[in-house]
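Listed here are the chains, written in short residue letters.
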Amino acid sequence: MRLRTFKKGIHPPGNKERTASLPIEVLPLPQQVVLPLGQHLGAPSEPVVSVGAQVLTGQKIAEAKGMVSVPLHASISGRVVAIEPRPHACGQLTPAIVIENDGNERISSELVSNHNLDELSAEQIKDLIKQAGLVGMGGAAFPTHVKYSPPPGKQIEYVILNGAECEPYLTCDHRLMVERSSDLILGLLAFMKAAKAQKGFIGVEVNKPDAIANLKQAAAGLPIEVLPLQVKYPQGEEKMLIYAATGRVVPVGALPIETGVVVNNVATAAALGEYLRTGLPLVSRIITVTGQGIPNPKNVEVRLGTLIEDVINYCGGFKEPPGRIILGGPMTGPAQYRLDIPVMKGTSGILVQTRAEVEKPDHAPCIRCGRCVDVCPYNLLPNYLGDYAEHDKLGEAEKYGILDCRECGSCTYICPSRRPLIQLIKNAKSKIMASRKKG
Ligand code: SF4
Ligand code: SF4
């Protein structure tokens, strides 16, 4: 049988063996959590508690500010000790609510458990999605409820869950699909009802046969199809997944809703399922902690706001002074330069590379081999974009579609001259966006 996939792409080594079969462990509650108000795309949430307040696990501590925003909840019970700028994965200090653990794990009594999907309307489900504080947990961190409010005249036919987990090293979604399939299916059914969609898909790469078998069993008799996908990067990218599942092509510059499809990560669906079942909003997530620099790699469930230092220590600390620490996977995850940044809603992993892995010879000039063009899933010309970006020819770069680049990193990975294409492209995009803002 020919497996579904998309055109172009690359095949980087998966490096998932060390953690793929390790069951999810629960990290002991930290002494303190740091919860940034801006851990999603859109407007940061606004505090509804003050310093000194006693808070309970699951209690709302910050309200959504506007449509493209979500509320934030206390991930442990204790006392709010600060609301102030703290280090954030974006490299800057951003406002955060800091809670000191009281050691009692008191759960908010206002949480409502056992929601019955049959008794909920589409509008009620959309509201619950927002109240749960859900964002894209694959890394995008886009507020989930916004996807379920399509513009007038647009209808959602299909909801697709992304279980591809095509980023090397990461296995947290794999373990979630194996261990938490009933919450995942409940969440998908809720998404489908909110969207009035006729069918759901779960796309999973075939290197996770146990997850595929498990989901097929859990979805038996439901209007949900589990789709085994070819192992290829970036298979989990929204537009690639839509093409693989439905054959529909999202036009350049358009959103998936143009093709009648909404895509969510499997972890987001499982978080919604858990919320409907227990009433607990998004206060924790599963992450993979791995890489040559970590002695005991793991898949761990972590309370949001736990510092990455605490998580790394739980996994045995550093084997040796690290070469690079990446939040997420090696293809798209940002490098981090300090350990006092918190795990957030969109954090899927912590990858620690050794110095030997990171030290690479300098890059050489472009040899016009065209390999970057062959792999770009968005049919761009990364070699030209890199040249234009390097020489600050931003107008030319725009003409050649630099803003359509999804920063998947495939071109950089394949380049035999080790050109830092993605870095050049990212810098040029920021300059273009900054000049647009200036007007
Ligand atoms: S140009 Fe952008 S979208 Fe194309 S391969 Fe490079 S990073 Fe990916
Ligand atoms: S892969 Fe590298 S060397 Fe080849 S054309 Fe692209 S930028 Fe040039």
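Residues numbered from 1 in each chain as written. Chains lettered and ligands numbered in written order. Predicted model: local features only at pLDDT ≥ 70, side-chain atom pairs only at ≥ 80, totals over all residues. Heavy atoms only, no water.

### As for the pattern of salt bridges
Evaluated as defined, the whole model comprises 25 salt bridges. Close ionic contact of Glu-123 with Lys-126 constitutes a salt bridge, the shortest N to O distance being 3.2 Å. In this pair, Glu-123 and Lys-126 both sit in helix 1 (residues 122-131), three residues apart, roughly one turn of the helix. By relative accessible area, Glu-123 is classed as exposed at 52%. A salt bridge links Asp-392 to Lys-431; its shortest N-O distance comes to 2.9 Å. (Salt bridge = Lys/Arg side-chain N within 4 Å of Asp/Glu carboxyl O. Helix = DSSP H or I, 4+ residues; strand = E, 2+ residues; numbered from the N terminus. Buried < 20%, exposed > 50% of the residue type's maximum accessible area, 1.4 Å probe, protein only.)

### Quick word on the site of ligand 2
Every residue near ligand 2 is listed here: Cys-366, Ile-367, Arg-368, Cys-369, Gly-370, Cys-372, Asn-383, Cys-415, Pro-416, Ser-417 and Leu-421. Judged by the fraction of its atoms near the pocket grid, ligand 2 is located in the second largest cavity. Considering only residue class, the shell around ligand 2 consists of seven nonpolar, three polar and one charged. (Near = heavy atom within 4 Å. 1 Å grid on protein atoms, 1.4 Å probe; cavity = no way out; pocket = protein on both sides within 12 Å on 5 of 7 lines; lining within 4 Å. Sits in = over half its atoms within 2 Å of the grid points. Nonpolar A, V, L, I, M, F, W, Y, C, P; charged D, E, K, R; others polar.)

### Things to note about the nonpolar core
Across soluble globular proteins, nonpolar side chains show a tendency to be buried alongside one another. Of all hydrophobic cores here, the largest spans 59 residues; its most connected members are Ile-61, Ile-99, Tyr-148, Val-159, Leu-184 and Ile-202. In contact with Tyr-148, not counting residues within four places along its chain, are Lys-126, Ile-129, Ile-156, Val-159, Phe-191, Ala-194, Ala-195, Val-262 and Asn-264. (Core = buried A, V, L, I, M, F, W, Y, C linked by side-chain atoms within 4.5 Å. Contact = heavy atoms within 4.5 Å.)

### Brief notes about the domain arrangement of the protein chain
The domain boundaries assigned to the protein chain delineate domain 1 (1-26 + 108-359) and domain 2 (371-438). Contacts between domain 1 and domain 2 engage 18 residues on the former and 15 residues on the latter. For the pair domain 1 and domain 2, the two sides together bury roughly 1,200 Å², of which 56% comes from carbon and sulfur. Where domain 1 touches domain 2, the interface holds one salt bridge. With its nearest N and O atoms 2.9 Å apart, the salt bridge here joins Arg-406 to Glu-237. There are six residue pairs in polar contact (both at pLDDT 80 or more) connecting domain 1 and domain 2. (Domains from an automatic or database assignment. Buried area = accessible area lost by both parts, 1.4 Å probe. Polar contact = N/O pair within 3.5 Å; in protein donor to acceptor, adjacent residues only side chain to side chain.)

### Observations concerning the layout of surface pockets
The computed volume of the second largest pocket comes to approximately 1,200 Å³. Residue lining of the second largest pocket: 31 residues in total, with Arg-324, Pro-330, Lys-360, Thr-412 and Ile-422 positioned closest to the centre. Those elements that place two or more of their residues in the lining of the second largest pocket are strand 15 (324-327), helix 9 (355-358), helix 13 (410-414) and helix 14 (421-438). With three residues, helix 14 is the single largest residue contributor to the lining of the second largest pocket. Broken down by class, the residue content of the lining of the second largest pocket amounts to 16 nonpolar, eight polar and seven charged. (Points joined across faces, edges and corners; volume = space filled by probe spheres on them.)

### A short note on empty space enclosed by the protein
If a probe the size of a water molecule is rolled over the atoms, the empty space left behind becomes visible. Going through the model one piece at a time under the given rule, you end up with three cavities of 30 Å³ or more. Considered as a void within the structure, the largest cavity measures approximately 220 Å³ in volume. Lining the largest cavity are 18 residues, with Met-137, Ala-271, Glu-274, Ser-284 and Glu-301 sitting closest to its centre. Of all elements in the fold, only helix 3 (172-179), helix 7 (266-278) and strand 13 (284-290) reach the threshold of two or more residues within the lining of the largest cavity.

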